[in-house]
Amino acid sequence: MRAILNHNSLILSVVSTFMRHDSLPRKYSRCFSRVPKVLGPIGVDVFKEATFELDKPLILRASVYASNPNHTTSLPVPLPAFSKWFSDDKDPEKTTLSPYMNRFANATYWHEFVQRPGFYKHRNHPFWSWWAGKEPSSTSWLDIQMPDSPDNPRFARSRYPLSLLIAAQQYNKEFPLTPIGNIYMPLVPHRVLPKELQDDIPVPDIVQHSGRGLINPLSSIWIGLQNTYSPWHRDMARGLCVQLRGSKKVRLAPRPLGKKIMMDARAKFPKHDMDTLYSEHGLVDIEKFNKHAESIYGWGPERTIVYDAIWGPNAPQDLYAATVHAGDALYIPDKWWHSFKSGPKRGVLNASVNWFFD
């Protein structure tokens, strides 16, 4: 079965692709199921048959749809963000945010930082003194509270202006041997972005017209410097995630398997109230999440347990696996569990935008 499918034979091909494969490429030698891919235009009705009715994920390769009146036979219209937000560099690893984004440099968003073994502690990384020299006012932002821990990486979360990410990219360009990475702006809702940026990510046709037209207000952008990571979780609705720059690996599972993986991992957590972070429905207790975010997103024991359950050598073979590249759109069915990670090159820009919808 070909990895890239023609939409004219989509339904039959998708059904066949979801069957277990014994002849997957070497990198999938553990027989993870591949997420099928579609190249070129796809109508809303065909999209619904291939995703909603089969309740399976799907990758739309190099076909991103902005809204247009003739949505049943829509042609691919690149989101304006592709050309406006990023530099046009032939080397993807050298792509940066474009000068256009400088006008929004003072807008503040939550940033996440992870300190890894073998790297500078974030607050001691030479980037910070470099940034202070370039922009003296930046010293007012240097408030990362990251506990000292020589053995285990740590997690911190603070509000910073977009200028931090812009400056970090410039630093990495000037000092490629000591790049700063593991900086992430996750889950930034479209509604908090400046109006100009919201206009650059119009709702794709297949999102606008394939369901009831209800767009969840937590639809977001995700921008960071590798390596970035989203732990095992499920969302509140079906979603479409468009990769804008860089690439990400993803693993997915339908609700029963995804929940079992989380419950089995939770049973191994250290004995504190972390074991009730996830309800039996897989929903997160936000208060406890904030309290224990370091353990989940950092390299604490809980993070390691969950990460190994999905990405380790003993991960269940029933998982679906895929890599999404710039221009790809990944459809994630309602209540499917998933985890994303980017890399491996530290400090490279990685960006995506998603819509939760019903």
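Check the entry above for the structure.
A short tour of the structure in this document, coming up. (Residues numbered from 1 in each chain as written. Predicted model: local features only at pLDDT ≥ 70, side-chain atom pairs only at ≥ 80, totals over all residues. Heavy atoms only, no water.)

**A look at the pattern of salt bridges**
Moving on, step 1. Enumeration according to the criterion identifies eight salt bridges in this entry.
Moving on, step 2. Residue Arg61 pairs with Asp328 through a salt bridge whose shortest N-O separation is 2.7 Å. Taken together, the residues span a long stretch of sequence, with Arg61 in strand S4 (residues 58-61) and Asp328 in the loop between strand S12 (320-325) and strand S13 (329-332) at a distance of 267 residues.
Moving on, step 3. On the basis of relative accessibility, which here comes to 19%, the residue Arg61 falls in the buried class.
Moving on, step 4. Taking relative accessible area as the criterion, Asp328 reaches 2% and is therefore assigned buried.
Moving on, step 5. Residue Arg238 is joined to Asp358 by a salt bridge in which the shortest nitrogen-to-oxygen separation is 3.2 Å. On the criterion of sequence distance, the pair formed by Arg238 in strand S10 (residues 238-245) and Asp358 in the segment after strand S15 (349-357) is long-range, its members being 120 residues apart.
Moving on, step 6. A network of salt bridges, in which partner residues are shared, links Arg212, Arg238 and Asp358. (Salt bridge = Lys/Arg side-chain N within 4 Å of Asp/Glu carboxyl O. Helix = DSSP H or I, 4+ residues; strand = E, 2+ residues; numbered from the N terminus. Buried < 20%, exposed > 50% of the residue type's maximum accessible area, 1.4 Å probe, protein only.)

**Overview of the nonpolar core**
Moving on, step 1. Membership of the largest hydrophobic core comes to 52 residues, with the highest contact counts inside it found for Trp85, Phe127 and Val242.
Moving on, step 2. With 17 residues, the next largest nonpolar core counts Ile261, Phe269, Val306 and Trp311 among its residues. (Core = buried A, V, L, I, M, F, W, Y, C linked by side-chain atoms within 4.5 Å.)

**Topic: the packing of aromatic side chains**
Moving on, step 1. On inspection of all chains with the given rule, the structure shows 22 aromatic pairs.
Moving on, step 2. Members of the aromatic cluster, connected to one another through ring pairs, are Phe113, Phe127, Trp128, Trp130, Trp131, Tyr160, Tyr171 and Phe175.
Moving on, step 3. The ring of Phe52 is capped by Arg238, whose NZ or CZ atom sits 3.9 Å from the centre of that ring.
Moving on, step 4. Positioned above the aromatic ring of Phe340 is the side chain of Lys248, whose terminal nitrogen or guanidinium carbon lies 5.8 Å from the ring centre. (Phe/Tyr/Trp six-rings, centres within 6.5 Å; stacked < 30°, edge-to-face > 60°. Lys NZ or Arg CZ within 6 Å of the ring centre and 35° of its normal.)

**Here's the deal with the pairing of S10**
Moving on, step 1. By the criterion of burial, S10 is predominantly enclosed, with eight of the eight residues buried.
Moving on, step 2. Note that S10 and S15 share seven bridges and pair antiparallel. Directly across from Gln243, in S15, lies its bridge partner Ser352.
Moving on, step 3. Note: S10 against S13, four bridges, orientation antiparallel. Bridging from a neighbouring strand, Val242 pairs with Ala329 of S13. (Pairing = 2+ DSSP bridges.)

**Some thoughts on the packing of helix H4 (residues 126-134) against helix H5 (residues 163-174)**
Moving on, step 1. The interhelical angle for the contact between H4 and H5, taken along N-to-C directions, is 110°, at an axis separation of 10 Å. The angle between H4 and H5 places the two elements in the roughly perpendicular class. In contact with Pro126, Phe127, Trp128, Trp130, Trp131 and Lys134 of H4, H5 contributes Ser163, Leu164, Ala167, Ala168, Gln170, Tyr171 and Glu174.
Moving on, step 2. Along the lines of polarity and charge, the residues of the contact of H4 with H5 split into nine nonpolar, two polar and two charged. (Axes fitted to C-alpha atoms, helices over the stretch in contact; angles between N-to-C directions. Parallel < 35°, antiparallel > 145°, perpendicular 65-115°, else oblique. Contact = heavy atoms within 4.5 Å. Nonpolar A, V, L, I, M, F, W, Y, C, P; charged D, E, K, R; others polar.)

**Quick notes on the side chain of His233**
Moving on, step 1. Considering the arrangement of structural elements, one finds His233 in strand S9 (residues 229-234).
Moving on, step 2. For His233, a relative accessible area of 18% corresponds to the buried category.
Moving on, step 3. A polar atom in the side chain of His233 sits 3.3 Å from the side chain of Asp235.
Moving on, step 4. When neighbours within four sequence positions are excluded, His233 is seen to be in contact with Trp336, Trp337 and His338. (Polar contact = N/O pair within 3.5 Å; in protein donor to acceptor, adjacent residues only side chain to side chain.)

**Considerations on the environment of Val203**
Moving on, step 1. Tracing the backbone through its elements, the reader meets Val203 in the loop between helix H6 (195-199) and helix H7 (205-210).
Moving on, step 2. In the structure, Val203 is positioned 12 residues away from Ile215 in sequence and 8.7 Å away in space, judged by C-alpha atoms.

**Remarks on H4**
Moving on, step 1. Listing the buried residues of H4 in full gives Phe127, Trp128, Trp130 and Trp131. One side of H4 holds all its buried residues, which, seen down the axis, span an arc of 165°. Among the exposed residues of H4, those pointing more than 90 degrees away from its buried face are Ser129 and Gly133. (Arc of directions from axis to C-beta.)

**Quick notes on the side chain of Asn354**
Moving on, step 1. By the secondary structure assignment, Asn354 is in strand S15.
Moving on, step 2. Judged by its relative accessible area of 6%, Asn354 is buried.
Moving on, step 3. In contact with Asn354, other than residues within four places in its own chain, are His190, Ser219, Ser220, Trp222, Leu240 and Cys241.

**What about the sheet that holds S12?**
Each strand in a sheet pairs with its neighbour through backbone hydrogen bonds, running either in the same direction (parallel) or in the opposite one (antiparallel).
Moving on, step 1. Across the sheet, which stays open at both edges, the five strands sit in the order S2-S12-S11-S14-S9 with mixed pairing between neighbours. The open sheet has two edge strands, strand S2 (33-34) and S9, and neither has a second partner.

**Thoughts on the packing of helix H8 (residues 255-266) against helix H10 (residues 301-311)**
Moving on, step 1. At a minimum axis separation of 9 Å, H8 and H10 run at an interaxial angle of 140°. Relative to H10, the element H8 is oriented oblique. For the pair H8 and H10, the sense of crossing is right-handed. Of H10, the residues touching H8 (which contributes Ile261, Met262 and Ala265) are Ile305, Val306, Ala309 and Ile310.
Moving on, step 2. Tallied by class, residues from the contact of H8 with H10 come to seven nonpolar, no polar and no charged. (Left-handed = near helix turned anticlockwise from the far one by under 90°.)

Fair warning: the whole summary comes from geometry, so function is off the table for now.
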